[in-house]
Amino acid sequence: MALYINEDCINCGACEPECPTEAITEGDDIYEIDAKTCVECEGHFDEPQCIEVCPVDCIFKVQ
Ligand code: SF4
Ligand code: SF4
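Residues numbered from 1 in each chain as written. Chains lettered and ligands numbered in written order. Predicted model: local features only at pLDDT ≥ 70, side-chain atom pairs only at ≥ 80, totals over all residues.

### A short note on the overall build of the chain
- Across its full length, the chain holds one helix and four strands.
- Order of helices (α) and strands (β) in the chain, N terminus to C terminus: β-β-β-α-β.
- In summary, the chain has a C-alpha radius of gyration of 10 Å against a globular reference of 11 Å for 63 residues, a match within 12%.
- Along the first, second and third principal axes, the C-alpha atoms of the chain reach 30 × 20 × 20 Å.
- Residue burial in the chain is summarised as follows: out of 63 residues, 22% are buried.
- In the chain, 62% of the contacts between residues at least 6 apart in sequence involve partners at least 24 apart. (Helix = DSSP H or I, 4+ residues; strand = E, 2+ residues; numbered from the N terminus. Rg over C-alpha atoms; globule rule 2.2 N^0.38 Å. Buried ≥ 20, exposed ≤ 12 C-beta atoms within 10 Å, placed from the backbone. Contact = placed C-beta atoms within 7 Å.)

### Overview of the site of ligand 1
- Surrounding ligand 1, one finds 15 residues, the nearest of these being Cys19, Cys38, Cys41, Pro48 and Cys50.
- Here the shell around ligand 1 is built from residues that sort into 11 nonpolar, two polar and two charged. (Near = placed C-beta within 6 Å. Nonpolar A, V, L, I, M, F, W, Y, C, P; charged D, E, K, R; others polar.)

### Notes on the site of ligand 2
- In the region of ligand 2, 14 residues are neighbours, and Cys9, Cys12, Cys15, Tyr31 and Cys54 sit closest.
- Per-class residue counts for the shell around ligand 2 are 12 nonpolar, two polar and no charged.

### As for unusual backbone geometry
- Despite not being glycine, Glu22 shows a phi value in the positive range, around 50 degrees.
- Summarising the element assignment, Glu22 is placed in the loop between strand S1 (3-5) and strand S2 (24-26).
- By C-beta crowding, Glu22 is classed as exposed, having 11 other C-beta atoms within 10 Å.
- The backbone of Glu40 sits at a positive phi, close to 55 degrees, despite the residue not being glycine.
- On the basis of neighbour counts, which here come to 20 C-beta atoms within 10 Å, the residue Glu40 falls in the buried class.

### Let's talk about the environment of Phe45
- In this fold, Phe45 is placed in the loop between strand S3 (31-33) and helix H1 (49-53).
- Given 12 C-beta atoms within a 10 Å radius, Phe45 is considered exposed.

So this is what it looks like as structure tokens:
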């Protein structure tokens, strides 16, 4: 259960402070979600907060 950020990320940083589990960090090229820490916001919010704030819609569920 986790989300991932794809290469469309523009490094705006909007998602990082919104994550309740601090799963998002600035990676070498784009921002990254730690799959072990991301809980898809369950127990915190109704919707994944990173997806809510991302201006380019580059965050998806791991299939
Ligand atoms: S879905 Fe929620 S817990 Fe997972 S990275 Fe996004 S903001 Fe953090
Ligand atoms: S909000 Fe979206 S574009 Fe901005 S850093 Fe996060 S994943 Fe990248």
